[in-house]
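# Examining the three-dimensional arrangement
Each chain, written out:
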Amino acid sequence: MIRTSIGWLAVLSAVVLCACERPVPEPPIERISCDQDINGIPWGADQPPESDSDVTAELSELDLSQLPDPIDISQMVEIDRGLISYALEIAPTELGPLLSHEQALMAGVLGEVVLASIARSDNPDWLDLDFFRRGLQHYYTCSKGFPTTLAGFESELLAFSGRQGTVVDSVAKCTERRLIAAPESGIYVSQTLFEGVVEETEIVLTDWRNDGQLDFVVYDAEGRLTDRSLFPSLGGTPAVMGAPYSCMSCHFNVTDEVWSYDLRFPDSGICKD
């Protein structure tokens, strides 16, 4: 009887030990939905179109079926064709002269933004650029599924905090920036510094898309996902600009009049000599 009790005690101890050693599951990576607001630094006095990014009601009121199908975009200015290809994740060289509704809507709500920007334009050769920028602002970051915290990004995609990087004088930010390159991951990190403290982290992803173009994600000083960035201006007062549009305004190439947003290392900015 004593031997039996000892045997049961051994089994019970093993069960308890196994329970104690069971790994605690990691909490899921938090992401934002397009029904939530993405916070950021205040827009300031000179508000860009992106500061009014609530386009949901305007999209729902538009009857996109009134647009021709397919739409002739062959005469559109090349910069607008570049924006269309970026929003729809179509390689710029593969964007044809005609755009069907089905082709646009394969990109989800960003395809609706493209169609609506065409429908709202008074000129068939142009997009309604303000509306496009507002729609891109509202739906781009949330639709990409980026982690809502920098810690989540590092946990899921690249733990870069331990990397030294290279500190440079940024011609775009007019201050120091720490550059961390991880080409093996297709990720390039740029941290804006003020007196050695990180004010903002901007990340370029080169392998996130199917069209060879770049994706952009921005985290604020507290490491929270944001949709805007602070830039110096010629007037002296820093300007708050929307992301990804402000990122695209530097990271672009033009080859034979075809616009693409695939320039990894731009060298432009108001502080360039």
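The structure this text deals with has already been given above.
Keep in mind the model is a prediction, meaning the values are calculated, not measured.

The rules we used
Along each chain, residue indices are assigned from 1 in the same order as the chain's sequence is written. Whole-chain, interface and lining totals are the exception, using all residues; otherwise, since this is a predicted model, local features are given only for residues with pLDDT of at least 70 and side-chain atom pairs are given and counted only at 80 or more. Just so you know, side-chain values use all the structure's heavy atoms and leave hydrogens and water out. Patches draw on residues past 30% relative accessible area with no salt bridge. Two like charges within 9 Å are joined, as are two nonpolar side chains (Val, Leu, Ile, Met, Phe, Trp, Tyr) within 5 Å. For every accessible area listed, the method is Shrake-Rupley and the probe measures 1.4 Å; residues are considered covered only by the protein chains on display. For salt bridges, the criterion is a side-chain nitrogen of Lys or Arg within 4 Å of an Asp or Glu carboxyl oxygen. Here a helix means four or more residues in a row that DSSP labels H or I, a strand means two or more in a row labelled E, and each is numbered from the N terminus. Residue exposure (1.4 Å probe, protein chains only): buried if accessible area is under 20% of the type maximum, exposed if over 50%, otherwise partly exposed. Expected helix span is computed as 1.5 Å times (number of residues minus one). Working definition for bend: take the seven residues up to and ending at a residue and the seven starting at it, fit an axis to each, and measure the angle between the axes. When two rings of Phe, Tyr or Trp (its six-membered ring) have centres within 6.5 Å they constitute a pair, described as stacked for plane angles under 30 degrees, edge-to-face for angles over 60, and tilted for the intermediate range. Whether a charge lies above a ring is judged from NZ of Lys or CZ of Arg, which has to be within 6 Å of the ring centre and within 35 degrees of the ring normal. Should DSSP find at least two bridges between two strands, the strands are taken to pair. In the cavity and pocket records, a cavity denotes points on a 1 Å grid over the protein atoms alone where a 1.4 Å probe fits but cannot get out, a pocket denotes an open set with protein on both sides within 12 Å along at least 5 of 7 lines, and lining residues are residues with an atom within 4 Å of a point. Grid points are joined across faces, edges and corners, and a volume is the space filled by probe spheres set on the points.

The grouping of V77, I79 and W126 at the surface amounts to a nonpolar patch, some 250 Å² of accessible area in total. Note on placement: V77 falls in the loop between β1 (71–72) and α3 (78–88). The partly exposed category is assigned to V77, whose relative accessible area is 31%.

Take the environment of L179 next. Its location among the elements puts L179 in strand β4 (residues 176–182). Given the relative accessible area of 37%, L179 is considered partly exposed. Separated by 13 residues in sequence, L179 and T192 have C-alpha atoms that sit 9.0 Å apart.

In a regular helix each residue adds 1.5 Å, so 16 residues correspond to 22 Å; helix α6 (residues 129–144) covers 21 Å between its end C-alpha atoms and thus fits that length. At L136, α6 shows its maximal kink, close to 30 degrees. Along α6, 13 of the 16 residues are buried, which leaves the element largely enclosed by surrounding structure. The first or second residue beyond α6 is G145, which carries a positive phi of 75 degrees.

Turning to the packing of aromatic side chains, a few remarks are in order. Two descriptors summarise a pair of aromatic rings, namely the distance from one centre to the other and the angle between the planes of the rings. Counting across every chain of the model gives seven aromatic pairs. Ring plane angle 25 degrees and centroid distance 6.3 Å describe the contact between Y86 and Y140, whose orientation is recorded as stacked. Of this pair, Y86 sits in helix α3 while Y140 is found in helix α6, placing the two residues 54 residues apart along the sequence. Y140 matches Y86 in its accessibility class, with the two residues each being buried. Ring pairs connect the aromatic residues Y86, Y140, F146, W208 and Y261, which therefore count as one cluster. For the cation-ring pair, K173 lies above F231, with the distance from its terminal atom to the ring centre recorded as 4.0 Å.

Reading across from one edge, β3-β4-β5-β6-β7-β8 is the order of the six strands in this open sheet, with antiparallel pairing throughout. Each edge of the open sheet is held by one strand with a lone partner, namely β3 (166–169) and β8 (225–226).

Size it by volume and the largest pocket reaches roughly 610 Å³. Considering the residues around the largest pocket, the lining is formed by 26 residues, among which R177, L179, S190, H251 and P266 are closest to the centre. Elements supplying a minimum of two residues to the lining of the largest pocket: β3, β4, β5 (187–194), β6 (197–205) and α8 (245–248). Top element by residues in the lining of the largest pocket is β4. It accounts for four residues. Looking at the second largest pocket, its volume works out to about 330 Å³. Elements supplying a minimum of two residues to the lining of the second largest pocket: β5, β6, β7 (215–219) and β9 (228–231).

Keep in mind these values describe shape, not function.
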